[in-house]
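# Report on the structure
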Amino acid sequence: MAGKKVIITGVPGVGKTSVITDTIQKLADDGVPYQSINFGTFMFEVAKAKGLVQDRDEMRKLGKDEQKALQREASQQIAKIDGNVIIDTHASVKTPSGFLPGLPEWVLRDLMPDVFVLVEADDDQILRRRMSDESRLRDIEGSRSIREHQEFNRAAAASYAMLTGCTVLYIENADFLLTLSVERLAAVLR
Ligand code: AP5
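Residues numbered from 1 in each chain as written. Predicted model: local features only at pLDDT ≥ 70, side-chain atom pairs only at ≥ 80, totals over all residues. Heavy atoms only, no water.

## Details of the environment of Val115
- Structurally, the position occupied by Val115 is in strand S6 (residues 115-120).
- In this view, Val115 contacts Lys5, Val6, Ile7, Cys166, Thr167 and Leu169; residues no more than four positions away in its chain are not counted. (Helix = DSSP H or I, 4+ residues; strand = E, 2+ residues; numbered from the N terminus. Contact = heavy atoms within 4.5 Å.)

Structural data, given as structure tokens:
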């Protein structure tokens with residue numbers, strides 16, 4: 001049975017995984033089941049099996065064509081999953097040679113989302129969250145560069161909507177206001 005397909009994105013450290021985890025719990029409590037799929041994990045399993053990387057944070061440093069091949073394998077596998085699905089991924093990935101679209105046209109054609117969500121926050125709040133997260137190898141960049149990435153993601157989201165007819169929803173995940181972000185997102189996904 002086909003369900004709702006929701007793509008959730010946001011620059012690293014914005015807190016999208018925190019928003020997704022709490023939203024899924026809230027929706028489950030309300031009797032609306034969703035499963036969360038991490039696009040990067042699908043890519044990572046293939047990349048690791050091929051001996052390309054040992055850590056998920058190394059993937060964005062791979063060559064453009066290698067990343068595109070991994071995206072393709074991930075989207076083809078994820079497209080087969082039924083039911084209400086939240087796909088945790090990136091509108092764009094910052095690579096050494098520039099922004100790589102997270103969802104090029106051939107990936108979108110596999111996924112065909114109903115809703116495209118951008119989780120956003122103030123640039124300096126994202127910078128602080130990255131610096132205090134010791135579990136990951138976060139890129140070190142200034143708040144201006146984080147702003148540029150968030151702006152690029154809005155442009156990418158608009159083009160993804162044009163290609164698929166999905167709606168685009170901005171969710172603000174401000175410091176210590178995670179609950180508000182979760183309520184707003186859950187209200188749309190119910
Ligand atoms: P992925 O694992 O999705 O990497 P990521 O962006 O680093 O995502 P995280 O889930 O680690 O960070 P987050 O922003 O969700 O933050 P978190 O909730 O942890 O992807 C891994 C890799 O896969 C990518 O780098 C890329 O190479 C590849 N990839 C994935 N999709 C791809 C695609 N489509 N194409 C190509 N490559 C792709 O929160 C961060 C911190 O903030 C935590 O400490 C948390 O406690 C805190 N926090 C959260 N919310 C709040 C709040 N409201 N107030 C205060 N603190 C908060």
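## Digging into unusual backbone geometry
- Unlike most non-glycine residues, Met112 shows phi in positive territory, near 40°.
- Inspection of the secondary structure puts Met112 in the loop between helix H4 (105-111) and S6.
- Positive phi is not limited to glycine here, since Phe176 has a value of about 65°.
- Take Phe176: it is sitting in the loop between strand S7 (167-172) and helix H7 (178-189).
- For Phe176, a relative accessible area of 81% translates into the label exposed. (Buried < 20%, exposed > 50% of the residue type's maximum accessible area, 1.4 Å probe, protein only.)

## Structural notes on the site of the ligand
- In the vicinity of the ligand there are 30 residues, among which Thr17, Ser18, His90, Arg136 and Arg138 approach most closely.
- Between the ligand and Thr89 there is a distance of 2.8 Å, counted from a nitrogen atom to a side-chain nitrogen or oxygen.
- With the chains in place, 86% of the 1,100 Å² that the ligand exposes on its own is no longer accessible. (Near = heavy atom within 4 Å. Polar contact = N/O pair within 3.5 Å; in protein donor to acceptor, adjacent residues only side chain to side chain. Areas by Shrake-Rupley, 256 points an atom, 1.4 Å probe, with all protein chains shown as cover.)

## A word on the sheet that holds S6
- The five strands lie next to each other as S2-S3-S1-S6-S7, forming an open sheet whose pairing is parallel. Of all strands in the sheet, those bounded by a partner on one side alone are strand S2 (35-38) and S7. Sheet twist, expressed as the average angle between the axes of neighbouring strands with direction ignored, equals 25°.
- Summarising the sheet, S6 and S7 pair through six bridges and their orientation is parallel. From the neighbouring strand, Val115 faces S7, where its bridge partner is Thr167.
- Helix-sheet contacts for helix H1 (residues 16-29) involve strand S1 (2-9), S2, strand S3 (83-88) and S6, and the interaxial angle to S3 is about 160°.
- Of the strands in this sheet, S6 and S7 are in contact with helix H6 (residues 143-164), which crosses S6 at around 175°. (Pairing = 2+ DSSP bridges. Axes fitted to C-alpha atoms, helices over the stretch in contact; angles between N-to-C directions.)

Note that all results are geometric; they support no functional claim without further evidence.
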